[in-house]
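Examination of the molecular architecture
The residues making up each chain are set out below.
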Amino acid sequence: MSKYYLNYLDELESEAIYILREVWAQFENPVILFSGGKDSILVTHLAKKAFCPAKIPFALMHVDTGHNFPETIQFRDDLVEKLSVKLIVGSVQESIDKGRVAEERGKSATRNSLQIITLLDTIEENKVDCAIGGGRRDEEKARAKERFLSHRDDFGQWDPKNQRPELWNLLNGKHFEGEHFRAFPISNWTEMDVWNYIKRENISIPSLYFAHDREVVFRSNSWIPNSEYLKLEEGEEVLTKKIRFRTLGDITITGGIESEADTLEKIVLEVSAMRKTERGDRSDDKRSETAMEDRKKQGYF
């Protein structure tokens, strides 16, 4: 890695730390949205750096769909114990049981969009006024429209055409009762930046990101993990392939890629040659051209 690139990572780190400190200064009860994926792990690591030697001042908030990778939940619990931080869990299953949301039906049913109501309910119940996420502008066109501080109205909705200017790094977190913000401290990072930084800092990540043998089914041009929630279609067959995942979500919608990258060095080399976005294997984003933006307008991450 060149000296210039190392300096560039330092600049990205400094920017993210500045935003995290601004969030802590401007809001009463901010939390980190923690999915157990590499981006939320990176944000948590940056928060640790930002407030060292004190503990991270943010609780971690996880929306549990009930269809998670077991490895992700185990990693989350281990990290919470290691950092001695508060964990807030919103349960989609609880939302279903209360009649707040209805379970999708059909062969392609997921709980992904059901997270919206659970997230907004959990934010309201815990009086959260800013939820810090790991969204990046290079991931998806809807996320490219986000500011560092993204306003949500009192219904939790996002209006991409009505966002506050952020000139000269001045961030405006003022809001009325019932409104809240989402903060995106790593907006300007790319997937390559994330992996180079993880490698540089030697940050622990779930084993799912490394290539290993796994039972999968080929669907929608990607390898979907076999699980108790997967309904096989006619002609589909469960195979064992050496797979790794570029992004983590519900086990029912997260597609893997065939890979030999079983170390951070190999992942960095593999990502440098990629020509497809990391969310290109997420079946929830393939439902329509505006799937992500539609969900975000309703209150999604």
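Residues numbered from 1 in each chain as written. Predicted model: local features only at pLDDT ≥ 70, side-chain atom pairs only at ≥ 80, totals over all residues. Heavy atoms only, no water.

Residues Cys 52 and Pro 53 are joined by a peptide bond in cis, for which omega reads 10 degrees. Mapped onto the elements of the fold, Pro 53 is located in the loop between helix H2 (38-51) and strand S2 (59-64). Here the phi dihedral of Ser 84 falls at roughly 55 degrees; this positive angle occurs in a residue that is not glycine. Tracing the chain through its elements places Ser 84 in the loop between helix H3 (70-83) and strand S3 (87-91). (Helix = DSSP H or I, 4+ residues; strand = E, 2+ residues; numbered from the N terminus.)

What follows is about the confidence of the model for the protein chain. Summarising the model, the protein chain shows a mean pLDDT of 86, and 89% of its residues fall at 70 or more. Confidence scores differ between elements of the protein chain, with helix H8 (residues 291-298) showing the lowest mean pLDDT of 52 and H2 the highest of 97. A low-confidence stretch, residues 282-288 stays under pLDDT 50, and its non-local contacts, those more than four residues away or across chains, total 28 contacts. (pLDDT = per-residue confidence, 0-100. Contact = heavy atoms within 4.5 Å.)

Here the focus is the packing of aromatic side chains. Inspection of every chain in the model, using the stated rule, returns eight aromatic pairs. Members of the aromatic cluster, each reached through a chain of ring pairs, are Trp 24, Phe 51 and Phe 58. Above the plane of the ring of Phe 148 lies Arg 137, whose end atom (NZ or CZ) is 5.2 Å from the centre. (Phe/Tyr/Trp six-rings, centres within 6.5 Å; stacked < 30°, edge-to-face > 60°. Lys NZ or Arg CZ within 6 Å of the ring centre and 35° of its normal.)

Okay, the side chain of His 67 next. With respect to the element layout, His 67 can be found in the loop between S2 and H3. With a relative accessible area of 11%, His 67 lands in the buried category. The contacts of His 67, once residues within four sequence positions are left out, are Arg 111, Tyr 229, Asp 250, Ile 251 and Thr 252. (Buried < 20%, exposed > 50% of the residue type's maximum accessible area, 1.4 Å probe, protein only.)

Right, let's talk about the pairing of strand S1 (residues 30-33) for a bit. Of the two faces of S1, the one holding Pro 30 and Ile 32 and the one holding Val 31 and Leu 33 are both buried throughout. Of the strand pairs in this sheet, S1 and strand S4 (residues 130-132) are connected by three bridges, and their pairing is parallel. Counterpart to Val 31 in the pairing with S4 is Ala 131. As paired strands, S1 and S2 are joined by three bridges and run parallel to one another. Paired with Leu 33 across the two strands is Met 61, which belongs to S2. (Pairing = 2+ DSSP bridges.)

Another aspect to go through is a nonpolar patch on the surface. Taken together, Leu 167, Trp 168 and Leu 170 make up a surface patch of nonpolar side chains, about 420 Å² in accessible area. With respect to the secondary-structure elements, Leu 167 resides in the loop between strand S5 (149-152) and strand S6 (180-183). (Patch = residues over 30% accessible without salt bridge, like charges linked within 9 Å, V, L, I, M, F, W, Y side chains within 5 Å. Areas by Shrake-Rupley, 256 points an atom, 1.4 Å probe, with all protein chains shown as cover. Salt bridge = Lys/Arg side-chain N within 4 Å of Asp/Glu carboxyl O.)

Position of Arg 152 among the secondary structure elements: in strand S5. Only 3.4 Å separates the side chain of Arg 152 from the side chain of Glu 146, close enough to count as a polar contact. Polar side-chain contacts of Arg 152 include one of 2.6 Å to the side chain of Ser 150. (Polar contact = N/O pair within 3.5 Å; in protein donor to acceptor, adjacent residues only side chain to side chain.)

Here we take up helix H6 (residues 191-201). Those residues of H6 not exposed but buried are Glu 191, Asp 193, Val 194, Trp 195, Asn 196, Tyr 197 and Ile 198. Where H6 ends, the next residue or the one after it, Asn 202, has phi of about 55 degrees, a positive value.

A few words now on the packing of H6 against helix H7 (residues 264-272). Taken N-terminus to C-terminus, the directions of H6 and H7 make an angle of 165 degrees; their axes are 10 Å apart at the nearest point. Viewed along their axes, H6 and H7 adopt a mutual orientation that is roughly antiparallel. The way H6 lies across H7 gives a crossing that is left-handed. For the pair H6 and H7, contact is made by Glu 191, Met 192, Trp 195, Asn 196, Ile 198 and Lys 199 and by Leu 264, Glu 265, Ile 267, Val 268, Val 271 and Ser 272, respectively. Taken together, the residues of the contact of H6 with H7 sort by class into seven nonpolar, two polar and three charged. (Axes fitted to C-alpha atoms, helices over the stretch in contact; angles between N-to-C directions. Parallel < 35°, antiparallel > 145°, perpendicular 65-115°, else oblique. Left-handed = near helix turned anticlockwise from the far one by under 90°. Nonpolar A, V, L, I, M, F, W, Y, C, P; charged D, E, K, R; others polar.)

The six strands lie next to each other as S3-S2-S1-S4-S6-S5, forming an open sheet whose pairing is mixed. A single partner strand is all that each edge strand has here, and the edge strands are S3 and S5. With direction set aside, neighbouring strand axes in the sheet form an average angle of 30 degrees. Where H3 meets the sheet, it contacts S2 and S3, and its direction lies at approximately 150 degrees from that of S3. Along the sheet face, helix H5 (residues 115-125) touches S1, S2, S3 and S6 and points at about 150 degrees away from the line of S2.

At a minimum axis separation of 11 Å, H2 and H6 run at an interaxial angle of 55 degrees. When the axes of H2 and H6 are compared, the pair comes out oblique. Pair H2 / H6 crosses with left-handed handedness. Contact residues: Lys 38, Asp 39, Leu 42, His 45, Leu 46 and Lys 49 in H2; Glu 191, Val 194, Trp 195, Tyr 197, Ile 198 and Glu 201 in H6. Residue composition of the contact of H2 with H6, by class: six nonpolar, one polar and five charged.

What follows covers H7. Listed as buried for H7 are Leu 264, Ile 267, Val 268, Glu 270 and Val 271. Within H7, the buried residues cover an arc of 165 degrees as seen down the axis, which keeps them to one side. Against H6, strand S9 (239-244) and strand S10 (257-258) lie the buried residues of H7. (Arc of directions from axis to C-beta.)

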